[in-house]
Amino acid sequence: MKKYPEFGAVDWQMTATNHSDEPSRFLTELDIAYLGIPLPPQEPLIHKGILGDSCTGESFLPFTNNVEIGDSISIRPKNGKSSQGAFPFFDICGPHDGLICGIGWSGTWFYELSRDKDGFILKSGLPDVHFYVEPHESLRFPRILLMAYEGNAVAAHNRFRRLMKEYFSPKRRFGDQMKMPMALQNFDRYSYKIPQWNTTSGQMQEIDYAERCAYFDVYWMDAAWFAGGFPKGVGNYSFREGLDGLSGISKYAHEKGLRTMVWFEPERVYRGTETAREHPEFLLRGEPGEEDAQGFCMDGIDPMGCAGMLLDLSNPEAVDWITELVAGFIEENRIDIYRQDFNLYPDTYWAKKDSADRKGITEIKYMEGLYRFWDTLLERFPHLLIDNCASGGNRIDLESCARSVFCWRSDTGCYPASESMKTALWNQNQNLGLSGYMVYHAIASWDAAAYDMRSAMSNGFAGSFDVRDEACDFERIHAALAEYKRLRGYWEEDFYPLSTADLREDHWGMCQFGSQDSGVLLAFRREEEKEEKHTVALRGLDMDSDYLLRISDEDYHMTERIVGGSTLAAGYAFELKRPRSSLAVEYIRQ
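From a predicted model like this one, the values you see are computed outputs, not experimental measurements. (Residues numbered from 1 in each chain as written. Predicted model: local features only at pLDDT ≥ 70, side-chain atom pairs only at ≥ 80, totals over all residues. Heavy atoms only, no water.)

J.: Give me unusual backbone geometry: which residues, what numbers.
T.: Cis geometry marks the peptide bond from Phe230 to Pro231; its omega dihedral reads 5 degrees. Position of Pro231 among the secondary structure elements: in the loop between strand S14 (218-221) and helix H5 (247-255). Unusually for a residue other than glycine, Arg334 sits at a positive phi of about 55 degrees. With respect to the helices and strands, the residue Arg334 is situated in the loop between helix H7 (316-333) and strand S19 (337-340). Here Arg580, not a glycine, exhibits a phi torsion of approximately 50 degrees, which is positive. Checked against the element boundaries, Arg580 lands in the loop between strand S30 (572-575) and strand S31 (581-589). (Helix = DSSP H or I, 4+ residues; strand = E, 2+ residues; numbered from the N terminus.)

Right, here's the structure in full:
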């Protein structure tokens with residue numbers, strides 16, 4: 001157990017080792033946390049948190065449950081991914097105090113909360129296991145983080161954000177040099193429409209466009225570099241026709257001051273690819289035509305492109321092989337940011353490998369292999385930043401947060417805003433939901449219009465702008481990116497949700513990031529909101545100081561005024577004349 005006294009928190013990660021020459025007894029209930037806490041029956045008990053990613057408008061929306069005597073709540077994610085459909089960070093609280101909890105396991109975890117007349121019980125661990133530990137075998141289990149608080153819940157969540165930033169994020173490695181990508185990323189826009197885009201000349205031209213946009217600091221090459229293309233070439237590590245490796249592209253990007261970010265999907269393998277041909281012994285697969293729980297084919301090929309075979313990271317030899325392959329690729333091609341995607345549902349594959357008397361063991365060993373893979377890359381390449389993606393934000397948990405960032409927190413970023421895909425609204429909600437628990441997450445905007453840009457602004461940013469269109473408005477892109485570059489540091493600071501996160505369009509959405517000295521307020525008059533003015537009380541200010549407000553409107557025009565901190569804290573009115581418009585208000589103590 002490790003204590004964090006400055007945060008009022010503890011964490012622990014259990015292992016089981018069989019030191020004998022005989023198999024252990026069966027383990028059938030693996031409760032890594034079991035807390036019984038007395039609570040008078042008249043006292044309210046609240047369970048709250050956010051939903052996991054679902055690639056819909058509901059991704060990361062907050063929820064609140066009142067837990068009555070006799071109630072029992074059980075939560076677990078879907079399909080073997082730690083934040084698909086459920087989220088491994090949550091609160092248990094009363095009116096004046098509470099616990100913020102985090103689970104570190106990048107597969108299937110559970111927690112259960114039950115209440116009786118004497119109090120409540122919180123359990124968390126691995127569900128549905130039944131196995132023995134072999135002689136001299138050692139197994140690792142999930143990590144649990146608990147932070148207790150008294151008083152204001154928003155202040156407590158800001159303390160938790162600081163705890164996560166300092167101890168469970170890449171900032172622990174990079175220190176003040178930690179920087180999320182601000183990247184041009186146009187795979188979804190161009191890869192299938194402009195064949196030349198996927199070539200060496202096409203990528204170098206895209207880097208020229210990134211330079212023309214003026215403020216990007218990363219060039220992001222997604223799933224466009226390998227033979228066979230995405231998805232049916234997944235498992236190939238040779239380059240597609242027209243692409244002469246990536247080292248020249250990286251060199252060209254570095255010369256223009258850009259870091260390089262490259263997409264990989266090592267865990268999924270399609271039939272007929274190099275990995276499938278050369279290392280079938282490392283793959284988990286189904287029988288011909290066999291489907292997983294979601295109806296996708298498990299034997300390595302699927303007409304929808306949604307399936308594959310699973311690289312068996314529970315096999316140490318497979319882990320050694322993929323580590324050397326990817327490490328060599330990173331070194332040879334001078335990659336700065338390693339992006340790992342995972343578009344497969346692994347739980348069905350794990351269960352298929354398990355024997356009846358070792359149920360759950362494949363997943364446990366798979367997690368050990370996955371963490372060893374990531375940790376070895378980070379040890380070999382001190383400069384390396386890992387971007388963790390799993391069909392969007394489906395593998396966010398305490399362990400993945402400690403090793404990586406989340407530059408594509410949901411596959412909602414794959415689409416421009418439309419009547420059916422309210423991505424600006426969804427991005428506002430994702431910021432409101434995720435930012436209470438973590439610091440390093442981001443998403444894309446397909447449009448440099450201020451409402452879309454500010455909805456997507458997070459600690460990092462991906463621009464999916466149509467830079468090849470002759471009518472592309474580069475001046476607006478310059479204005480948008482200049483504003484983000486000026487403000488981006490505030491997302492490292494405290495977070496204040498100043499409106500509800502919901503799917504309604506008939507109110508203002510607002511949030512604040514910053515410190516007592518400076519910060520930013522983002523204000524959105526949503527599409528159906530009729531009121532032109534909205535009064536909001538800013539948080540965390542010095543009541544005795546004046547603040548310079550730099551107010552940037554929907555056209556990126558800025559005005560300035562001086563306002564007292566007490567006035568801002570009591571409630572200050574902002575105005576937007578038209579629906580679906582926004583303000584970015586920077587405040588600086590004078």
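J.: Describe the state of the cysteines, with residues and values.
T.: Using the criterion set out here, one finds 0 disulfides in the structure. In this structure Cys213 is not part of a disulfide, and its nearest cysteine sulfur, from Cys472, lies 6.4 Å away. (Disulfide = S-S within 2.5 Å.)

J.: Residue-level account of the environment of Gly436, with values.
T.: The topology assignment puts Gly436 in the loop between helix H11 (423-434) and strand S22 (444-445). When the C-alpha atoms of Gly436 and Lys81 are compared, they prove to be 21 Å apart, with 355 residues separating the residues in sequence. Gly436 has contacts with His157, Arg161 and Phe495, leaving out every residue within four places of it along the chain. (Contact = heavy atoms within 4.5 Å.)

J.: Lay out the packing of helix H4 (residues 200-213) against H5 in plain terms, naming residues and giving numbers.
T.: Two elements in contact, H4 and H5, have axes whose closest approach is 10 Å; the angle formed by their N-to-C orientations is 15 degrees. Regarding the angle of H4 to H5, the classification is roughly parallel. For the crossing formed where H4 meets H5, the hand is right-handed. Each of Thr200, Gln203, Met204, Ile207 and Asp208 in H4 lies in contact with H5, whose residues at this interface are Gly248, Ile249, Tyr252 and Ala253. (Axes fitted to C-alpha atoms, helices over the stretch in contact; angles between N-to-C directions. Parallel < 35°, antiparallel > 145°, perpendicular 65-115°, else oblique. Left-handed = near helix turned anticlockwise from the far one by under 90°.)

J.: Account for helix H9 (residues 361-380), with residues named and values stated.
T.: Here H9 contains 20 residues, and its C-alpha end-to-end distance of 29 Å stays within 8% of the 28 Å for a straight helix at 1.5 Å per residue. H9 sits mainly inside the fold: 14 of its 20 residues count as buried. (Expected span 1.5 Å × (residues − 1). Buried < 20%, exposed > 50% of the residue type's maximum accessible area, 1.4 Å probe, protein only.)

J.: Let's hear about the packing of aromatic side chains: which residues, and what values?
T.: Two measures describe an aromatic ring pair: the distance that separates the ring centres and the angle between the ring planes. For the coordinates displayed, the defined rule picks out 39 aromatic pairs. Relative to Tyr167, the ring of Phe7 has its centre 6.2 Å away and its plane inclined at 90 degrees; by these criteria the two rings are edge-to-face. Of this pair, Phe7 sits in the loop between strand S1 (2-4) and strand S2 (9-17) while Tyr167 sits in helix H1 (residues 153-167), placing them 160 residues apart in sequence. Its relative accessible area of 9% is what places Phe7 among the buried residues. The exposure class of Tyr167 is partly exposed, given its relative accessible area of 23%. Residues Trp109 and Tyr111 carry aromatic rings whose centres are separated by 5.9 Å and whose planes lie at 5 degrees to one another, so their mutual orientation is stacked. With respect to burial, Trp109 and Tyr111 carry one shared label: buried. Counting every residue linked through ring pairs, the aromatic cluster contains Phe187, Tyr192, Trp225, Phe226, Phe230, Tyr237, Phe239, Trp263, Phe264, Phe329, Tyr338 and Phe373. (Phe/Tyr/Trp six-rings, centres within 6.5 Å; stacked < 30°, edge-to-face > 60°.)

J.: Just give me the short version of the pairing of S31, but keep the residues and values in it.
T.: With respect to burial, S31 is a largely interior element, 7 of its 9 residues being buried. Alignment of strand S26 (residues 518-525) against S31, held across 8 bridges, turns out to be antiparallel. Each residue of the ladder has a partner; that of Phe524, found in S31, is Ser582. Sheet topology places strand S28 (residues 546-552) next to S31; 6 bridges connect them, and they run antiparallel. By the bridge assignment for S31, Tyr547 is matched with Arg589. (Pairing = 2+ DSSP bridges.)

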